[in-house]
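Okay, here's what each chain looks like letter by letter:
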Amino acid sequence: MARGGDGLLTHETFPGEKGPRDACGVFGVWASDEEVARLTFFGLYALQHRGQESAGIATSDGEKILVYKDMGLVSQVFDEKTLSSLPGHIALGHCRYATTGASTWENAQPTLGPTASGTLALAHNGNLTNTRELMAHEREKYGTDLQGELGRGSSTDTAILSTLLRGDDTDPDPSLEREALRVLPMLDGAFSIAFIDETTLYAARDRFGFRPLVLGRLASGWAVASETAALDIVGASFVREIEPGELLVINEEGVRSHRFAEATPAGCIFEYVYLARPDTTIAGRNVNAARTQMGRVLAREHPVEADIVIPTPDSGTPAAIGYAQASGIKFAQGLVKNAYVGRTFIQPTQTIRQLGIRLKLNPLREVIAGRRIVVVDDSIVRGNTQRALVRMLRGAGAAEVHVRISSPPVKWPCFFGIDFATRAELIANGLTIEQICANIEADSLGYISLEGMIEATAIAQDRLCVACFTGDYPTRVPLGANVHQGVLPLTPLTHEED
Ligand code: SF4
């Protein structure tokens, strides 16, 4: 897949971005005495759950930026040889979840391209919602035809952002820092980004702080990461979150902070429900603790007579533990997950395809048979997974199957970096809870309330985005988007068969 035979790029090559929105992991390092590419590999390895289709690392030795990226998991893309070919003291890493049809090498990040002051490599988690306006603005102000420069069909948000940051070639004293402070206030939507030039690591977060981004301290420098868990794994100590509306500039002089927009926090509640690792902390709240509390609230709101509580592993596990604690019903592992399933490029045979969910989950008959089961999951998107799950549990001998969901019904599309489905495909859009229960063939179904979910995060509601549950978006959605129909005809983030 790698271009040029070895996947190694210098700044002469600038592959255009294209494809749909994605959810991703970002990691960056500035350190005078570390093998930064290796450190970034392990940072990305810790963020693998945020993006499993491509991975890339860019490094700078102070004079030249190199990028290696390819399709696949972090451990499939990199080996000792490729990591050794990425020297320097600055590194930037990215792992990407690209949806169907966009699973191409060109869409892998970091992006790489020339600027007025040198070279830029950029990694993005989120989704800009005003790309049309940005293109129009640049055309009006500078006569720049971004669409033409990027090529037809390749005007995605990350490509536009990289191109905007390029700066003005006629500027006698060009500066990426100055250019970033010009461009960042113009952006709307979700962006937790890290980028590098030859000498400096930059990190910025949109004024809403939709996606997490944190700063850590290393013995000889600094790291930035999508999640605190990635700092833990590379031995960096957590310093603080990058504030919504803040740009950090990290180089040999240390860390400097600029505020480019007033913060209006609206952190994504779905990070607590499903997206982030349980060992990550966002806005001071540990994700595992939030999920466990969601389970306790769920037990309070939707009690049921049952023999055991089982999770849909892994993301349902903390909530199932919380449900068991609060209800007094015994917790058990009733489903075994294939930990290595990930995303595969190998098409299953027809026989395996028909087995569907069993590629990922297999029931433990000894635990299930003859028992009344409460099965706890984090969300229902289209309903197909839950129906298959209920059938599988009944097939394993369950006497009753009661489904409990630790988030409210997902009814609206997300425009801030998460691809669920079109609105029409969301099972909760148009069906009552009773109808959904019948559709997934459960004996009973209970969703946590919106208030209960927010309470479990211990974050004030006015500092959270809950738009996919309420349709109340913290900022404008993209021009031309039809939220009622949904504008994202894409496969969902990781509920790919849901
Ligand atoms: S719409 Fe939902 S998934 Fe998207 S940012 Fe808001 S809470 Fe998160």
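To start, this report covers the structure provided alongside it. (Residues numbered from 1 in each chain as written. Predicted model: local features only at pLDDT ≥ 70, side-chain atom pairs only at ≥ 80, totals over all residues. Heavy atoms only, no water.)

**Describing the pattern of salt bridges**
Across all of its chains, the model carries 19 salt bridges by this definition. Within the structure, one salt-bridge network assembled from shared partners comprises R50, R211, E227 and E271. (Salt bridge = Lys/Arg side-chain N within 4 Å of Asp/Glu carboxyl O.)

**With respect to the environment of S54**
When you line up the elements, S54 lands in strand 3 (residues 54-60). Sequence separation of S54 and D70 is 16 residues, and the distance between their C-alpha atoms is 5.7 Å. When sequence neighbours within four positions are dropped, the list of residues in contact with S54 reads D70, M71, G72, H94, C95, R96 and A108. (Helix = DSSP H or I, 4+ residues; strand = E, 2+ residues; numbered from the N terminus. Contact = heavy atoms within 4.5 Å.)

**With respect to the nonpolar core**
Grouped together as the largest cluster of nonpolar side chains are 51 residues, with contacts concentrated most on F270, Y272, F420 and F469. Of the residues forming this core, the biggest block, six residues, is contributed by helix 10 (residues 287-301). Counting contributing residues per domain, this core is built from domain 1 (8-265) and domain 2 (285-339 + 346-463), each supplying no fewer than three. Within the second largest apolar cluster, 29 residues are counted, among which are L39, F41, L218 and A230. (Core = buried A, V, L, I, M, F, W, Y, C linked by side-chain atoms within 4.5 Å. Buried < 20%, exposed > 50% of the residue type's maximum accessible area, 1.4 Å probe, protein only. Domains from an automatic or database assignment.)

**Observations regarding the side chain of N130**
Examined against the element boundaries, N130 turns out to sit in the loop between strand 7 (119-128) and helix 4 (131-142). For N130, a relative accessible area of 2% puts it in the buried group. Here N130 is in contact with M186, L187, D188 and R476, once residues within four sequence places are set aside.

**Re the packing of aromatic side chains**
Centre-to-centre distance and the angle between the planes together describe a pair of aromatic rings. One pass over the structure, following the stated rule, counts 13 aromatic pairs. Seen in terms of ring centroids, F210 and F416 are 4.2 Å apart; in terms of plane orientation they differ by 10 degrees. Their pairing is stacked. In this pair, F210 sits in the loop between strand 9 (201-205) and strand 10 (214-218) while F416 sits in the loop between strand 23 (400-405) and helix 15 (433-439), placing the two residues 206 residues apart along the sequence. A relative accessible area of 2% means that F210 is categorised as buried. Given a relative accessible area of 1%, F416 falls into the buried group. (Phe/Tyr/Trp six-rings, centres within 6.5 Å; stacked < 30°, edge-to-face > 60°.)

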